[in-house]
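Structural characterization, general
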Amino acid sequence: NPDKRKSKGVWMDQSLPGLYDHRSVRDLMRFMWNGKRQNKNINENKDGSHMSKLRQAILEFLRTAGNHSGCPQIPERSFFYKGKQFPVCARCTGVSLGQIAAIIFHLFYSIKITVCLFFLAIMGIDWLLQEKGIKESNNIRRLITGFFGGFGLFSIYMILIKTVFNYIFRKK
């Protein structure tokens, strides 16, 4: 099929450039730094409006990163700002915000690991209820439970990092 190419051992579908084509991220970075367009539509949105090259490159990078991290990026499960879909869904937005909050929180305070596991369970239960069709979730609930899940997971990471750091550098 002429629409498929092999790059680094992975077949890429050219009908979806920007989603699965690793070259498009490279092209965006080149475009950001030297202004040479590799893709003619890189500075024009689907609706014909224009946005700054740097802003569009950052948003495209976030969309690609979100896609590769497992975010479904479903429009019904995403927030919109000024008619533009967020690069990640509502739950992943909450997870990201919770991770940032956990890092800042753990610079000054600490919580027990059982609380962290409880926070993770909140997100897991919401996901399970939605997945099994028992209760449909909405974007606000996805954001909140995602925040708890991201906070709980990164809190566990921070507790582990502090524990390892204290073990390695403890005074004898």
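Bear in mind the structure is a predicted one, so any value in this text is a computation, not a measurement. (Residues numbered from 1 in each chain as written. Predicted model: local features only at pLDDT ≥ 70, side-chain atom pairs only at ≥ 80, totals over all residues. Heavy atoms only, no water.)

1. Observations regarding the overall build of the protein chain
The secondary structure content of the protein chain amounts to five helices and four strands. Reading the helices (α) and strands (β) of the protein chain from amino to carboxyl end gives β-β-α-α-β-β-α-α-α. Counting across all 172 residues of the protein chain, residues that qualify as buried make up 28%. The contacts of the protein chain with a sequence gap of at least 6 include a subset with a gap of at least 24, amounting to 54%. Accessible surface, the protein chain as shown: approximately 12,200 Å² in total, 63% of it carbon and sulfur. (Helix = DSSP H or I, 4+ residues; strand = E, 2+ residues; numbered from the N terminus. Buried < 20%, exposed > 50% of the residue type's maximum accessible area, 1.4 Å probe, protein only. Contact = heavy atoms within 4.5 Å. Areas by Shrake-Rupley, 256 points an atom, 1.4 Å probe, with all protein chains shown as cover.)

2. With respect to the confidence of the model for the protein chain
In low-pLDDT segments, the atomic positions of the prediction should not be examined closely. Predicted confidence across the protein chain gives a mean pLDDT of 77, with 69% of residues reaching 70 or more. Here residues 36-42 is modelled with pLDDT under 50, and outside its nearest four sequence neighbours on either side it reaches ten contacts, counting other chains as well. (pLDDT = per-residue confidence, 0-100.)

3. A few points about the environment of Ala101
Within the secondary structure layout, Ala101 lies in helix 3 (residues 90-108). Ala101 sits in the partly exposed class, given a relative accessible area of 23%. Ignoring anything within four residues of it in the chain, the contact list for Ala101 reads Phe147 and Phe151.

4. Notes on helix 5 (residues 139-168)
In this model helix 5 runs 43 Å from its N-terminal to its C-terminal C-alpha over 30 residues, within 8% of the 44 Å that 1.5 Å per residue would give. Residues of helix 5 that are buried include every one of Asn139, Arg142, Thr145, Gly146, Gly149, Gly150, Phe151, Gly152, Ser155, Ile156, Met158 and Ile159, and no others. Those residues of helix 5 hidden inside the fold are in contact with helix 3 and helix 4 (113-131). For helix 5, the N-terminal capping position is held by Asn138, with its side-chain oxygen 3.3 Å away from the main-chain nitrogen of Ile140. (Expected span 1.5 Å × (residues − 1). Polar contact = N/O pair within 3.5 Å; in protein donor to acceptor, adjacent residues only side chain to side chain.)

5. Focus on the pattern of salt bridges
Under the criterion given, the structure shown has four salt bridges. Note that Arg91 and Asp126 form a salt bridge whose closest N and O atoms lie 2.5 Å from each other. On the criterion of sequence distance, the pair formed by Arg91 in helix 3 and Asp126 in helix 4 is long-range, its members being 35 residues apart. When sorted by exposure, Arg91 lands in the same class as Asp126, which is buried. Of the charged contacts in the structure, one is a salt bridge between Arg141 and Asp126, with a shortest N-O distance of 2.9 Å. Taken together, the positions of Arg141 in helix 5 and Asp126 in helix 4 put the pair 15 residues apart, joining distant regions of the chain. Judged by relative accessible area, which is 25%, Arg141 ranks as partly exposed. Taken together, the shared-partner salt bridges in this structure form one network comprising Arg91, Asp126 and Arg141. (Salt bridge = Lys/Arg side-chain N within 4 Å of Asp/Glu carboxyl O.)

6. Examining unusual backbone geometry
Among all residues save glycine, negative phi is the norm, and among peptide bonds the norm is trans. Backbone geometry at Gln73 places phi at a positive 50 degrees, although glycine is not the residue there. Note on placement: Gln73 falls in the loop between helix 2 (53-68) and strand 3 (80-81). Gln73 sits in the buried class, given a relative accessible area of 17%. Phi angles above zero are rare outside glycine, and Lys82 is one such case at about 55 degrees. Mapped onto the elements, Lys82 comes out in the loop between strand 3 and strand 4 (84-85).

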